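# Summary of the model geometry
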Amino acid sequence: MLRKLGKFALIGIGVLVLSCGALVLFALWYEGNAEPEYVNEDVEFEHALKIPPLLDFTEEDGKKVFHLTLQEGDTEFFEGVQTETMGANGSYLMPTIRATKGDDVEIRVTSELNERTTIHWHGMHLPAAMDGVHQIIEPDETWTPYWEIRQQAATLWYHPHLMGKTGPHVYEGLAGLFILDDENSASLNLPDEYGVDDIPLIIQDREFDDDGQFVYDANQTDFYGHTGMLGDTILVNGTYAPYVEVPGKMIRLRIVNGSNARRYNFGFSDGREFYQIASDGGFLERPLSRTRMMLAVGERAEILVDMSDLETVTLMSYAIPTDKDRITRFFERVTGTQRDEEEIYKILELRPQPTIDSNFVMPERLNTIERWDENEAVQTRTFRLGPNTINGKKMALDRIDEVALVGTKEIWEITNRMPFHHPFHVHDVQFLVLERNGEPPPAYEQGWKDTVIVNSDETVRIMIEFKDYANPHVAYMFHCHILEHEDHGMMGQFVVVEDLSVEPEIQTEALDKRVGHNH
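Please read these numbers as outputs of a predicted model, since none were measured by experiment. (Residues numbered from 1 in each chain as written. Predicted model: local features only at pLDDT ≥ 70, side-chain atom pairs only at ≥ 80, totals over all residues. Heavy atoms only, no water.)

Attention now moves to the environment of H67. Positionally, H67 belongs in strand β4 (residues 63–78). Residue H67 is classed as partly exposed on the basis of its relative accessible area, which comes to 40%. Put simply, H67 and I107 are 40 residues apart on the chain and 5.9 Å apart in space, counted from C-alpha to C-alpha. Excluding residues within four positions of it along the chain, H67 makes contact with L55, N89 and R108. (Helix = DSSP H or I, 4+ residues; strand = E, 2+ residues; numbered from the N terminus. Buried < 20%, exposed > 50% of the residue type's maximum accessible area, 1.4 Å probe, protein only. Contact = heavy atoms within 4.5 Å.)

Written as structure tokens, this is what we have:
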């Protein structure tokens, strides 16, 4: 009897092993033949693209003074449906601020929100007290930062940066462009008519419930861990299913990845060539011919695309291959937990119109970038990216993690051993990418950057110069720019000092008295 039971047990084990083996083989076959999901293939482009308005300014005591009012409101993304949102000087998103190198700017930010927030000037070189991290704006109060524009022409952006609330505040609409000009940009004869042939694109993914309200999950995960918030609906400048009429000539697109977590792999539906002319912090040295361009959260790029053929074309985001193995992906599909970027999206339809102004000569050179010698670096710092940690630590607002000496250059080595990418952002500076896993960066990463993708099992080396703005008591930040990762503590702080022998210490009273709660 026992022998018979033993035989049945062996048979059962054998059947189980064969069944598991068959399931694994099926999973491998299925995922090997599965096509990326085309999420919004059926979308019809029915809404004219909204262009964020340029914010007017007044001249006061030699300064350009801008006024922002943060507010809650309702926005119609879908016909007849009102979605609760946030914005500045409007119900969703914030207006475009524009200034020129050498300008003194002052921005009066008044909050009519029902909760506290901050506003950070992403990519801007400015004093730490004006950076918008420690400078909390309470309801019914005004924060007034001011600084001199000391950097070259670039497409920057601005958004909240309140610890634990950055993700939901950006998701609900608090994001805007900050465009800088200089003598070089004016001399290049590039398309520059804002909203006509020089078009800003803030690209975001959102999820909506059946009532048309935002669905936000700060703890969204997949089998590998915390993904950050990935939505399934694309908005461009707060417009759903957008089209834009453009002159039938070379046009310029300023693209900002304003999402919370998603990367985009941009290209055009007909495979046409375009030219990348700028990265985060300014122009590349020369126009770079491309057919695909990936941007992580917080990254920006400017491109030129020739529309003189008068053919309607769609800006797309193509699938980004996942690092997950086929078996993991199969079980994610089966269990409904798939959260990744191996998806295809329509972004924006471009509809060219006949124009007589079609003569354009591509500049051979756009910029001169000083290539630093690594021997100029006074030290090398290492950063290990972990599960919502950097160097094994979560963010503490009263802790200084790194101290840099003003007037020096450093090399930072950022290593990621996690199974997914992290976009690494450094406040105050524009840096140069030196290497990826020991290899020179591709040409499109050889311009000025403030945010860089660090892929799984990769070490990225960057070089930074700390030019000025020393303050031992007010810190800048470095962090992962997946907003939910930073909200969960994947950040650190550094100060720039004039004397390394003086112990730095965070002091809120060190903030400029004009900065903070004036009214």
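Right, let's get into the pairing of strand β29 (residues 402–405). Residues in a regular strand project their side chains so that they alternate between the two faces of the sheet. Along β29, the buried face is formed by E402 and A404; none of V403 and L405, which line the opposite face, is buried. The pairing of β29 with strand β36 (residues 491–497) spans 4 bridges and is parallel. Residue pairing in the sheet places A404 in a bridge with V496 of β36. (Pairing = 2+ DSSP bridges.)

With that settled, consider the layout of surface pockets. Considered as a void within the structure, the second largest pocket measures approximately 370 Å³ in volume. As for the second largest pocket, its lining consists of 16 residues, of which Q151, Q152, Q430, W448 and K467 are closest to the centre. Class assignment of the residues belonging to the lining of the second largest pocket gives a composition of 4 nonpolar, 6 polar and 6 charged. (1 Å grid on protein atoms, 1.4 Å probe; cavity = no way out; pocket = protein on both sides within 12 Å on 5 of 7 lines; lining within 4 Å. Points joined across faces, edges and corners; volume = space filled by probe spheres on them. Nonpolar A, V, L, I, M, F, W, Y, C, P; charged D, E, K, R; others polar.)

On to the sheet that holds strand β31 (residues 422–426), then. Read from one edge to the other, the open sheet built from 5 strands follows the order β29-β36-β35-β31-β33, with strand pairing classed as mixed. Each edge of the open sheet is held by one strand with a lone partner, namely β29 and β33 (451–454). When strand polarity is set aside, the average angle formed by the axes of neighbouring strands in this sheet is 30°. (Axes fitted to C-alpha atoms, helices over the stretch in contact; angles between N-to-C directions.)

Below, the discussion takes up the side chain of N265. Here N265 is to be found in strand β20 (residues 264–268). When near neighbours in sequence (up to four residues on either side) are disregarded, N265 contacts R292, M293, M294, M316, S317, Y318, A319 and I320.

Excluding glycine, residues mostly carry a negative phi; peptide bonds, for their part, are mostly trans. Of note, D457 is a non-glycine position whose phi angle comes to about 55°, a positive value. As for its position among the elements, D457 is in the loop between β33 and β34 (458–466). Backbone geometry places Y469, a non-glycine residue, at a positive phi of 60°. Relative to the assigned elements, Y469 resides in the loop between β34 and β35 (471–480). Accessibility expressed as a relative area gives 16% for Y469, which makes it buried.

Once that is clear, we can look at the sheet that holds strand β19 (residues 250–257). In spatial order, the strands read β17-β16-β13-β19-β24-β21-β22; together these 7 strands make up an open sheet with mixed pairing. Looking at strand neighbours, the two that pair on one side only are β17 (239–240) and β22 (282–290), the edges of this open sheet. Pairing geometry for strand β21 (residues 274–279) and strand β24 (residues 300–306), over 3 bridges, is antiparallel. Each residue of the ladder has a partner; that of Y275, found in β24, is L304.

Let's shift gears to the confidence of the model for the protein chain. Taken residue by residue, the protein chain gives an average pLDDT of 91. The fraction at 70 or more is 87%. Residue range residues 27–31 is modelled with pLDDT below 50. Its contacts to residues more than four positions away, or to other chains, number 9 contacts. Low confidence marks residues 513–519, where pLDDT is under 50. Its contacts with residues over four positions away, or in another chain, come to 23 contacts. (pLDDT = per-residue confidence, 0-100.)

So, on to the pattern of salt bridges. Within this structure, the stated rule accounts for 36 salt bridges. Between R461 and E374 there is a salt bridge, with the nearest N and O atoms lying 3.1 Å from each other. Of this pair, R461 sits in strand β34 while E374 sits in the loop between β26 (343–353) and β27 (377–386); the two residues are 87 residues apart in sequence, bridging distant segments of the chain. The salt bridge involving E445 is made with R436; its shortest N-O contact spans 2.8 Å. Of the two residues examined, E445 and R436, each falls in the buried class. (Salt bridge = Lys/Arg side-chain N within 4 Å of Asp/Glu carboxyl O.)

Time to look at the packing of aromatic side chains. Per the stated rule, a full pass over the model turns up 27 aromatic pairs. Here Y171 and F214 contribute two aromatic rings whose centre-to-centre distance is 5.4 Å and whose plane-to-plane angle is 65°, an arrangement assigned as edge-to-face. Linking Y171 in helix α2 (residues 166–171) with F214 in the loop between β13 (198–206) and β14 (221–222), this pair joins segments that are 43 residues apart in sequence. For Y171, a relative accessible area of 1% corresponds to the buried category. Classification of F214 by relative accessible area gives buried; the value is 15%. Taken together, the ring pairs connect F77, F78, Y92, Y171, F208, F214, Y216 and Y240 into an aromatic cluster. Over the ring of Y444 we find R290, and its NZ or CZ is 3.7 Å from the ring centre. Residue placement shows R292 over the ring face of Y318; its charged tip is 3.8 Å from the ring centre. (Phe/Tyr/Trp six-rings, centres within 6.5 Å; stacked < 30°, edge-to-face > 60°. Lys NZ or Arg CZ within 6 Å of the ring centre and 35° of its normal.)

Here we come to the environment of T408. Examined against the element boundaries, T408 turns out to sit in strand β30 (residues 408–416). Accessibility expressed as a relative area gives 10% for T408, which makes it buried. Once the C-alpha coordinates of T408 and V378 are considered, the two residues, 30 residues apart in sequence, prove to be 6.7 Å apart. Setting aside its immediate chain neighbours within four residues, T408 contacts V378, I464, E465 and F466. Side-chain polar atoms of T408 contact the backbone oxygen of L405, separated by 2.6 Å. (Polar contact = N/O pair within 3.5 Å; in protein donor to acceptor, adjacent residues only side chain to side chain.)

This part covers the environment of Q152. Mapped onto the elements of the fold, Q152 is located in the loop between β10 (146–148) and β11 (154–159). Judged by relative accessible area, Q152 falls into the partly exposed class, the value being 21%. Spatially, the C-alpha atom of Q152 lies 8.3 Å from that of N184, the residues being 32 residues apart in sequence. When residues no more than four places from it in sequence are discounted, the contact partners of Q152 are K101, L180, D182, G281, G282, F283, N367 and W448. A distance of 2.7 Å separates polar atoms of two side chains, one belonging to Q152 and the other to N367.

Before going further, it helps to spend a moment on the side chain of S111. Looking at where S111 falls in the secondary structure, it is placed in strand β7 (residues 104–111). When its relative accessible area of 0% is taken as the criterion, S111 is described as buried.

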